[in-house]
Amino acid sequence: MTTILTVVGARPQFIKAAAVSRAIRARDSMSEIMVHTGQHFDANMSDVFFDELEIAPPAHHLGIGGGGHGRMTGRMLEGIEGILEAGRPDWVLIYGDTNSTIAGALAAAKLHIPVAHVEAGLRSFNKRMPEEINRILTDHVSTLLFCPTQKAVDNLASEGITAGVHHVGDVMYDATLDASEKARETSDIVARLQLEPGKYVLSTVHRAENTDSRDALVAVLDHLKAKAAEVPVVLPLHPRTVGAVKKHGLDFDGLTVIDPVGYLDMAALLDGCAEVLTDSGGVQKEAYFHRKPCTTLRDETEWVETIEAGWNRLWKGADFVSPRKDIADYGDGRSAERILDLIASAG
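The notes below deal with the structure included here. Keep in mind that this is a model prediction, so the values were computed, not measured.

Calculation rules
- Residues numbered from 1 in each chain as written.
- Predicted model: local features only at pLDDT ≥ 70, side-chain atom pairs only at ≥ 80, totals over all residues.
- Heavy atoms only, no water.
- Pairing = 2+ DSSP bridges.
- Helix = DSSP H or I, 4+ residues; strand = E, 2+ residues; numbered from the N terminus.
- Axes fitted to C-alpha atoms, helices over the stretch in contact; angles between N-to-C directions.
- Core = buried A, V, L, I, M, F, W, Y, C linked by side-chain atoms within 4.5 Å.
- Buried < 20%, exposed > 50% of the residue type's maximum accessible area, 1.4 Å probe, protein only.
- Contact = heavy atoms within 4.5 Å.
- Expected span 1.5 Å × (residues − 1).
- Parallel < 35°, antiparallel > 145°, perpendicular 65-115°, else oblique.
- Left-handed = near helix turned anticlockwise from the far one by under 90°.
- Nonpolar A, V, L, I, M, F, W, Y, C, P; charged D, E, K, R; others polar.
- Salt bridge = Lys/Arg side-chain N within 4 Å of Asp/Glu carboxyl O.

1. Looking at the sheet that holds strand β10 (residues 256–258)
At step 1: Taken in spatial order, the 6 strands make up an open sheet running β10-β9-β8-β11-β12-β13, and their pairing is parallel. In this open sheet, the two edge strands, each paired with only one partner strand, are β10 and β13 (312–314). Ignoring which end each strand starts from, the neighbouring axes of this sheet average 20° apart.
At step 2: Relative to strand β11 (residues 275–278), strand β8 (residues 201–204) runs parallel, the two being bridged by 4 bridges. Residue pairing for β11: Thr204 is matched across the bridge by Thr278.

So this is what it looks like as structure tokens:
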């Protein structure tokens, strides 16, 4: 029996883990221990995802949310290390680029437990982003690196990482396929918000580069408000953004502000919107999976293929590439199965 300890802590990780956890449960030869760091501690950004995505409650909840990057990561590292020492799993499985990701990777690597990184090889080439530092360090201590695109494979090769690297497709696509039909059947959020399908914009804002600086946040909010003068802009509020707006004495006037939403409601909002404005890497991809044009509220993106295929653009950059194309790199919705096959074959 192969025991996999999965570390999650933030919304995108819950979504990806749901697809892989579902595949683990279908295998008699594998078992999973889920560790939730608590990085997203708001119930609307955590508990609801476990319920809607049918993820088993975590075996360990560290309750570590808030604080600076160093303090948060250090506390997570300490908590995960204790769990690993007590249980000694065969693998530690981590997702993405958050503080939970790097804490899980470092704790496992220092105890000589192999690390499997889902969404390896992504690069924005902007080391001012804490996520970029997390990605690079995590990839350099991982044993198996599961890349969503060929570009991610190439990025790793340029850093001298070739062993254990596999292009498996995107598990977010697995999750989207599973959730989209369910969302159409169960979510009424578009009607509740009195929105007209195809005639509103969906936005999310949470990255530190947009919230830590007053000037940056003013620029983003002004951009959203200008768009809202033409069409409703729906903004599910991230706790970091709420705090930053209060701190800087700004406002959300003109925007349709709502509380954070669960995955099914978010899928319904994506399905019904005309376009997406976001600084989230995960939402950029979800926009593509729903075939919605997306403007990324950053100066770069790790998902360069979405720009090359014409579904994404940088807000201060060139217009959309035309004609739009499908992105074969993301796979066929069976990435989770490929990941588990590779873990099983690695022993």
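Additional details are given in the paragraphs that follow.
2. Quick notes on the nonpolar core
At step 1: Ranked by internal contacts, the top residues of the largest apolar core, which has 53 residues, are Ile4, Val20, Leu93, Phe146, Ile339, Leu340 and Ile343.
At step 2: With 8 residues, helix α1 (residues 11–25) is the single largest residue contributor to this core.
At step 3: For Phe146, the contacting residues outside a window of four places in its chain are Ala116, His117, Val118, Glu119, Ala120, His166, Val168, Ile339, Leu342 and Ile343.

3. Here we look at unusual backbone geometry
At step 1: Cis geometry marks the peptide bond from Ser322 to Pro323; its omega dihedral reads 0°.
At step 2: With phi around 45°, Arg88 is a residue other than glycine that occupies positive phi space.
At step 3: Relative to the helices and strands, Arg88 resides in the loop between α3 (69–87) and β4 (91–95).
At step 4: One non-glycine residue, Glu119, lies in positive phi territory at about 80°.
At step 5: Examined against the element boundaries, Glu119 turns out to sit in the loop between β5 (115–118) and α5 (130–141).
At step 6: Looking at Glu119, the relative accessible area reads 10%, which means it is buried.

4. Thoughts on α5
At step 1: The first and last C-alpha atoms of α5 sit 17 Å apart over 12 residues, in line with the 16 Å expected at 1.5 Å per residue.
At step 2: Residues Glu131, Glu132, Asn134, Arg135, Ile136, Thr138 and Asp139 constitute the buried set of α5.
At step 3: Each element contacted by the buried residues of α5 is listed here: β4, α4 (99–110), β5, β6 (144–147) and α6 (150–158).

5. Considerations on the packing of α3 against α4
At step 1: Contact pair α3 / α4: the axes reach a minimum separation of 8 Å and the direction vectors enclose 45°. Between α3 and α4, the angle falls in the class oblique. Considering how the two elements wind past one another, α3 and α4 form a crossing that is right-handed. Residues His69, Met72, Thr73, Met76, Leu77, Ile80, Glu81 and Leu84 of α3 form the contact with α4, whose own contacting residues are Asn99, Ser100, Ile102, Ala103, Gly104, Leu106, Ala107 and Ala108.
At step 2: Classifying every residue of the contact of α3 with α4 gives 10 nonpolar, 5 polar and 1 charged.

6. What about the sheet that holds strand β1 (residues 2–8)?
At step 1: As summarised here, the arrangement of the 7 strands in space is β3-β2-β1-β4-β5-β6-β7, forming an open sheet in which the pairing is parallel. Strands with a single pairing partner mark the edges of an open sheet, and in this sheet they are β3 (60–61) and β7 (165–167).
At step 2: Across 7 bridges, β1 lies against strand β2 (residues 30–36) in parallel orientation. Across the sheet, the residue bridging to Thr2 is Met30, located in β2.
At step 3: Helix-sheet contacts for helix α15 (residues 335–346) involve β1, β2, β4, β5, β6 and β7, and the interaxial angle to β6 is about 165°.

7. Concerning the pattern of salt bridges
At step 1: Under the defined criterion, the tally for this structure stands at 25 salt bridges.
At step 2: Between Arg192 and Asp265 there is a salt bridge, with the nearest N and O atoms lying 3.4 Å from each other. Of this pair, Arg192 sits in helix α8 (residues 189–192) while Asp265 is found in helix α12 (residues 263–272), placing the two residues 73 residues apart along the sequence.
At step 3: By relative accessible area, which is 17% here, Asp265 ends up buried.
At step 4: Here Asp319 and Arg313 are joined by a salt bridge, their closest N and O atoms 3.9 Å apart.
At step 5: Connected through shared salt-bridge partners, Asp97, Glu131, Glu132, Arg135, Arg207, Glu209, Arg298 and Glu302 make up one network.

Distances and angles like these do not, on their own, reveal function.
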